[in-house]
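Understanding the architecture of this molecule
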Amino acid sequence: MLRIAYFVSHPIQYQAPLLRLIAADPEIDLKVFFYSDFSLKAYQDAGFGRLIEWDVPLTQGYDYHFLDCWGSKKQQSVLQQSFAKDISKQLKQGEFDAVWVHGWSWLCGIQAVLAANQLGIPVLIRGESNSISEPTNPLKKIAKKAFLSWLFKKIAGFLYIGTFNRQFYKSYGVEDKQLFCLPYAVDNDYFQKQAMLASSKREELRRSLNLDPGRPIILYAAKLIDVKRPLDLLAAYRLLSSDGVQEPDPYLLFVGDGVLRPTLEALAKETNWQSIHFLGFRNQSQMPAVYDLCDVFVLPSDFEPWGLAINEVMNAGKAVVVSDRVGCVPDLVKDGQNGRTFPVGDVAALAESIRWAIANRTSLGDCSLKIIQEWSYQEDVQGLKQALNYLQVRVA
């Protein structure tokens, strides 16, 4: 059995089921080290502009430890950094065979890499970076390249989350033998089961939201902030009207909250249509029913490192329409098969993509469900084991 120390900023709702699955594997002895516990309590989320308290278990089913840190106790962003006092001590005491670090934005994560190097423990790293959104400022570009070139020399194995992420590592000279696929996944079993359970109450939910039976539903579920471009979706939706006056046949549902909500609501009110609904923030356990309700899911973002909502809604067997600046595109969005990709900011192309997806929603949804079966936590565990085997061979 191999002992693994995993370092990550805080308990994350998407990661908890994966950590439970890894901890249950008889070949791996996992211990998770967190830099902060802010996500275990209600906290103010700047993007949503409200208090958030997750309603799914975040620390059950695996061994974990909160590091003793100097500095910010909140640590909700890279601006609220802290230093860990006890990383070397924890690694020595734990007699770990490998260290796995999530991302490189956190000082504690860099500390973990350096401490592991000093103790001769090989390091695996998993991050979200890709080349879609590189710094435009020349100085920032040089600084980023210098920092990552320095850091990547200290890493034995790289756990890539998808095609764009793999290409990013390759651009820094990482060798193929050091690359292992740990796809960015969600708990497929959970989302599929919950969507199936929700389907029996779909019409009940539809009635409770005052939605007429039979009309298609377009869903947006994300923060209502500029980078997600919800205004583009509203503008594209208006193009679905036959004459700019008549209400389009599909409904448009906005799930989420944020600084743009008042603007969106005001623009929606100007149309005099009853087909645009704002449902506010919905917690994790409520989302499968909302995904089940929709026909087409739209993510028009200016930039997403991945876009895990796409994984979630595909588990409900739905068509997806996604901008070309979303990280999951080459892996999950098969253009013309389970959805469409459009050039970010092109409102006319977005409207046309939605129109096409609605017309073909049944076959596209079936295809989404097939694609997502191969993009799961099971592949993550497999990829992690391949990386650990590589480390053993390399050390030997």
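Figured I'd write up the structure that's included with this text. The residue numbers shown here count from 1 along each chain, following its written sequence. The model is predicted, so local features are restricted to residues of pLDDT at least 70 and side-chain atom pairs to those at 80 or more, both for listing and for counting; the totals for chains, interfaces and linings are taken over all residues. Working from all heavy atoms in the structure, the side-chain values ignore hydrogens and water.

1. A look at the pattern of salt bridges
Side-chain pairing between opposite charges can occur once the charged atoms of the two side chains come close. The term salt bridge refers to a side-chain nitrogen of Lys or Arg lying within 4 Å of a carboxyl oxygen of Asp or Glu. Within this structure, the stated rule accounts for 22 salt bridges. A salt bridge links D29 to R3; its shortest N-O distance comes to 2.6 Å. Of this pair, D29 sits in strand β2 (residues 28-34) while R3 sits in strand β1 (residues 2-8); the two residues are 26 residues apart in sequence, bridging distant segments of the chain. We classify D29 as partly exposed; its relative accessible area is 26%. Salt bridges sharing partners connect three or more residues here, namely D212, R215, E247 and D249. What counts as a helix is a DSSP run of H or I of at least four residues, what counts as a strand is a run of E of at least two, and both are numbered from the N terminus. For every residue, the accessible area (1.4 Å probe, protein chains only) is compared with the maximum for its type, and the residue is labelled buried under 20%, exposed over 50%, or partly exposed between those bounds.

2. Overview of the packing of aromatic side chains
Centre distance within 6.5 Å is the pairing criterion for rings of Phe, Tyr and Trp, where only the six-membered ring of Trp is used; planes under 30 degrees apart are then read as stacked, over 60 as edge-to-face, and the remainder as tilted. Applying the stated criterion to the full structure yields 27 aromatic pairs. The interplanar angle of 35° and the centroid separation of 6.0 Å between the aromatic rings of F147 and W150 together place this pair among those described as tilted. Here W150 and F147 lie together in helix α4 (residues 138-152), a separation of 3 residues that amounts to about one turn. Between the aromatic rings of F152 and Y169, the centroid separation amounts to 5.7 Å while the plane-to-plane angle is 65°, which identifies the pairing as edge-to-face. In this pair, F152 sits in helix α4 while Y169 sits in helix α5 (residues 163-171), placing the two residues 17 residues apart along the sequence. Of the two residues, F152 and Y169, neither departs from the other in class, the shared state being buried. Chaining the aromatic ring pairs together yields one cluster made of W104, F152, F158, F168, Y169 and Y172. The ring of Y172 has K145 sitting right over it, with the charged end atom 4.6 Å from the ring centre. Two conditions define a charge sitting above a ring: the NZ of Lys or the CZ of Arg must be within 6 Å of the ring centre, and it must be within 35 degrees of the ring normal.

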